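Residues per chain are reported as follows:
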Amino acid sequence: MNKHIWIIASFVFLFSCNKEEVKDDSFVLEQPEGFPAMQIPSDNQLTKSRVNLGKKLFFDKRLSEDSTVSCASCHLQPMGFADNFQISPGVHGNLGFRNTPTLTNIGYAEIFFMDGGVPTLELQVLNPIENPDEMNMPVPQAIERMAAIPEYQQMALEAYDRPFDAFVLTRAIAAYERTLVSGNSKFDQEVYQGKNVFSQSEQNGYQLFLDKGCADCHSGFNFTDNDFHNIGLYEIYTDIGRKRVTILDSDEGKFKTPTLRNVELTAPYMHDGSLASLEEVVDFLNTGGETHVNKSSLIQPLNLTVSEKADLVAFLKTLTDWDFVNNEKHGIYYTYE
Ligand code: HEC
Ligand code: HEC
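Quick caveat, the model's predicted, so the values are computed rather than measured.

1. Some thoughts on the overall build of the protein chain
Phase 1: The helix and strand inventory of the protein chain stands at 15 helices and 2 strands.
Phase 2: The buried share of the protein chain, taken over its 337 residues, is 48%.
Phase 3: Carbon and sulfur atoms form 55% of the exposed surface of the protein chain, whose accessible area is close to 16,900 Å².
Phase 4: Placing the 27 positive and 47 negative side-chain charges of the protein chain at their respective mean positions leaves the two points 5 Å apart.

2. So, the nonpolar core
Phase 1: The biggest cluster of nonpolar side chains holds 44 residues, and the ones touching the most others in it are Leu 53, Leu 57, Phe 58, Leu 63, Ile 129, Phe 164 and Leu 169.
Phase 2: Within the residue set of this core, elements represented by two or more residues are helix H2 (48-58), helix H3 (71-74), helix H6 (139-147), helix H7 (150-160), helix H8 (166-178) and helix H15 (322-326).
Phase 3: In terms of residues, this core owes the most to one element, H8, which gives 7 residues.

3. As for H6
Phase 1: The complete set of buried residues in H6 reads Val 139, Ala 142, Ile 143 and Met 146. Buried residues of H6, seen end-on, are gathered within an arc of 100 degrees and therefore sit on one face of the element. Exposed positions of H6 whose direction lies more than 90 degrees from the buried face are Pro 140 and Glu 144.

4. So, the coordination of the iron atom of ligand 2
Phase 1: If you check the protein contacts of the iron atom of ligand 2, you find one donor only, His 218 (NE2), at 2.1 Å.
Phase 2: The residue His 218 is located in the loop between helix H11 (214-217) and strand S1 (228-229) in this model.

5. Observations concerning the site of ligand 1
Phase 1: Around ligand 1 lies a shell of 26 residues, among which Cys 71, Cys 74, His 75, Arg 98 and Phe 113 are the nearest.
Phase 2: At a separation of 2.9 Å, a nitrogen atom of ligand 1 approaches a polar side-chain atom of His 75.
Phase 3: Between ligand 1 and Phe 113, the relevant distance is 2.7 Å, taken from an oxygen atom to a main-chain nitrogen or oxygen of the residue.
Phase 4: At the level of elements, H3, helix H4 (121-124), helix H5 (126-130) and H8 are the ones that each hand at least two residues to the shell around ligand 1.

6. So, the site of ligand 2
Phase 1: Around ligand 2 sit 22 residues, and of these Cys 214, Cys 217, His 218, Met 270 and His 271 come closest.
Phase 2: Here Met 270 contributes a backbone N or O atom positioned 2.8 Å from an oxygen atom of ligand 2.
Phase 3: At a separation of 2.6 Å, an oxygen atom of ligand 2 approaches a polar side-chain atom of His 271.
Phase 4: Broken down by secondary-structure element, the contributors of at least two residues to the shell around ligand 2 are H11, strand S2 (255-256) and helix H13 (278-287).
Phase 5: Sort the elements by how many residues they give to the shell around ligand 2 and H13 lands first, with 3 residues.
Phase 6: By residue class, the composition of the shell around ligand 2 is 15 nonpolar, 6 polar and 1 charged.

7. Looking at the coordination of the iron atom of ligand 1
Phase 1: If you check the protein contacts of the iron atom of ligand 1, you find one donor only, His 75 (NE2), at 2.1 Å.
Phase 2: Note on placement: His 75 falls in the loop between H3 and H4.

8. Here's the deal with unusual backbone geometry
Phase 1: With omega at -5 degrees, the peptide bond leading from Ala 267 into Pro 268 counts as cis.
Phase 2: Residue placement: Pro 268 occurs in the loop between S2 and H13.
Phase 3: Phi at Phe 113 is positive, roughly 75 degrees, even though this residue is not glycine.
Phase 4: Checked against the element boundaries, Phe 113 lands in the loop between H3 and H4.
Phase 5: A positive phi angle, close to 50 degrees, is found at Asn 136, a residue other than glycine.
Phase 6: Looking at the element boundaries, Asn 136 is found in the loop between H5 and H6.

9. What to know about helix H10 (residues 200-211)
Phase 1: Between the first and last C-alpha of H10 there are 16 Å, a value that for 12 residues agrees with the 16 Å anticipated at 1.5 Å per step.
Phase 2: Inspection of H10 places Glu 202, Gly 205, Tyr 206, Leu 208 and Phe 209 among the buried residues, and these make up the whole buried set. Projected onto a plane normal to the axis of H10, the buried residues spread over an arc of 160 degrees and lie on a single side. Those residues of H10 that are exposed and angled more than 90 degrees off the buried face are Gln 200 and Asp 211.
Phase 3: Residues of H10 that are buried sit in contact with helix H9 (186-192), H11 and helix H14 (306-317).
Phase 4: With its phi angle positive at about 90 degrees, Gly 213 sits one or two positions after the end of H10.

10. Focus: the domain arrangement of the protein chain
When the parts come together, some accessible area is lost, and that loss is often what is quoted as the size of the interface.
Phase 1: Annotation of the protein chain at the domain level lists domain 1 (42-182 + 326-330) and domain 2 (186-320).
Phase 2: Summarising the inter-unit geometry, the C-alpha centres of domain 1 and domain 2 are found 27 Å apart.
Phase 3: Carbon and sulfur atoms make up 49% of the surface buried where domain 1 meets domain 2, a total of about 2,000 Å² over both sides.
Phase 4: It is Ile 111, Met 114 and Asp 115 in domain 1 that bury the most area against domain 2; as a group they hold 25% of the surface buried on that side.
Phase 5: Counting across the domain 1 and domain 2 interface gives 2 salt bridges.
Phase 6: A salt bridge links Arg 98 to Asp 239, with the nearest nitrogen and oxygen atoms 2.7 Å apart.

About the criteria used
In this numbering scheme, every chain counts its residues from 1 along its sequence in written order. Whichever chain is written first becomes A and whichever ligand is written first becomes 1, with later ones labelled in order. It should be noted that, the model being predicted, local features are given only for residues of pLDDT at least 70 and side-chain atom pairs only at 80 or more, the latter also being counted only at that level, while totals for whole chains, interfaces and linings use all residues. Just so you know, side-chain values use all the structure's heavy atoms and leave hydrogens and water out. Numbering goes from the N terminus for both helices and strands, where a helix is a DSSP run of H or I of at least four residues and a strand is a run of E of at least two. The buried label applies to any residue whose accessible area, calculated with a 1.4 Å probe on protein chains only, is under 20% of its type's maximum; exposed applies above 50%, and partly exposed to all values in between. Residue burial considers only the protein chains on display, and all accessible areas are found by Shrake-Rupley using a 1.4 Å probe. In this tally, Asp and Glu contribute negative charge and Lys and Arg positive charge; neither His nor the terminal groups of the chain are included. Throughout, a charge is located at the NZ atom of Lys, the CZ atom of Arg, the CG atom of Asp or the CD atom of Glu. Only buried residues count toward a nonpolar core. Its members are Ala, Val, Leu, Ile, Met, Phe, Trp, Tyr and Cys residues joined through side-chain atoms within 4.5 Å. Throughout, the arc means the angular range of directions from the helix axis out to the C-beta atoms. Keep in mind that water is not among the atoms, so a site may look incomplete; donors are the N, O and S atoms within 2.8 Å of the metal, or 3.2 Å for Na, K and Ca. One heavy atom within 4 Å of a molecule or strand is enough for the residue carrying it to be called near that molecule or strand. Pairs of N or O atoms are called polar contacts if they sit within 3.5 Å, as long as, within protein, a hydrogen donor faces a hydrogen acceptor (for residues adjacent in sequence, only side-chain-to-side-chain pairs). Gly is put with the polar residues, along with every residue not named as nonpolar or charged; the nonpolar set is Ala, Val, Leu, Ile, Met, Phe, Trp, Tyr, Cys and Pro, and the charged set is Asp, Glu, Lys and Arg. The span one expects for a helix is its residue count, reduced by one, times 1.5 Å. The contact criterion used is simple: two residues touch if any of their non-hydrogen atoms lie within 4.5 Å. For the domain bounds, the source is a domain assignment made automatically or taken from a database. Once two parts are brought into contact, the accessible area they lose, counted with a 1.4 Å probe and summed over both, makes up the buried area. Each reported salt bridge corresponds to a side-chain nitrogen of Lys or Arg within 4 Å of a carboxyl oxygen of Asp or Glu.

Below, the structure written as structure tokens:
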């Protein structure tokens with residue numbers, strides 16, 4: 001009898017020990033109705049420890065020269081991971097030349113920056129850190145500073161089985177960014193989840209969005225064709241857009257089609273933040289834009305009535321996903337266990 005109890009007790013002991021040692025680190029990425037599977041590089045599959053590390057880094061101001069600016073200083077969750085400045089201040093209040101874009105569903109993007117100058121989410125991380133108008137830290141210096149923090153060393157070993165280095169820094173932040181999935185807006189509920197939630201005005205706006213050619217560029221589940229277009233914002237562009245990368249005159253004034261998800265929260269609009277509101281964007285598009293040799297033939301005068309313009313704006317606001325914006329898991333105080 002005694003012997004039996006001892007055997008059972010030692011089994012229970014062994015089992016509970018095992019359970020503690022083999023922590024389940026797998027991360028299950030949310031995949032909303034209507035969304036394809038996200039393409040994730042094989043050397044950076046998502047795990048909880050990678051996402052936790054990336055999130056900590058995303059919010060850490062020590063990645064900037066004077067420890068005043070983090071990624072989250074310009075990409076704020078309540079504003080759909082953008083902000084409301086025309087041009088966001090970096091260290092010392094320095095200003096760059098483009099408006100901060102949303103990071104909503106950034107893991108689905110195929111190319112990065114408005115001119116497509118960066119091919120992967122991992123490589124993108126280095127840019128704001130080094131950029132004098134953003135964080136102004138040479139990457140080797142940033143690595144040295146962060147690697148000296150014992151907590152980061154420990155987290156790097158756990159997440160990537162190697163000491164903290166540029167590989168870890170870029171992989172971890174990209175891993176966190178891929179978790180920023182937004183797919184429960186009113187639009188998703190209406191169109192992908194089959195619920196009847198659109199008002200008449202929102203329904204009209206959606207129809208206009210399809211009929212007036214918006215969806216030719218703002219296409220698919222993420223409202224972008226991942227391509228570059230000149231929409232005739234200017235006759236003469238001071239920011240030449242895609243041409244910065246390709247040096248082709250035919251790319252002058254072309255910018256990446258932005259997703260429209262959470263667009264209500266990310267004012268002002270366009271690459272330079274020159275349009276203050278969605279009403280201004282719709283007014284602009286209604287004119288058919290300025291004359292430019294590269295202007296897309298899809299941009300034409302729309303002859304919208306006052307109520308049609310309001311409907312289009314009402315539709316754009318259905319792309320706001322409050323669950324995403326309020327999801328505490330994306331914030332710094334939540335740790336995936
Ligand atoms: C000072 C403000 C600022 C800071 C700090 C900042 N960003 Fe950005 N971010 C921007 C701006 C402006 C752009 C647009 C740049 C462009 O397209 O040329 C951008 C673009 C991006 C993009 C590309 C989005 C797209 O659709 O192509 C990603 C991803 C991104 N930032 C992530 C980060 C990460 C990660 C950090 C921290 C390491 C960071 N940002 C720090 C302002 C900032
Ligand atoms: C030819 C492709 C194309 C068509 C058609 C098009 N857009 Fe866009 N849209 C773009 C591009 C490219 C930008 C970014 C331009 C820039 O930054 O200068 C943009 C920007 C926007 C923005 C601002 C987003 C932001 O975050 O700054 C909104 C809103 C918008 N479009 C809505 C619409 C609506 C509504 C329609 C239909 C009436 C429409 N678009 C038609 C390509 C297109």
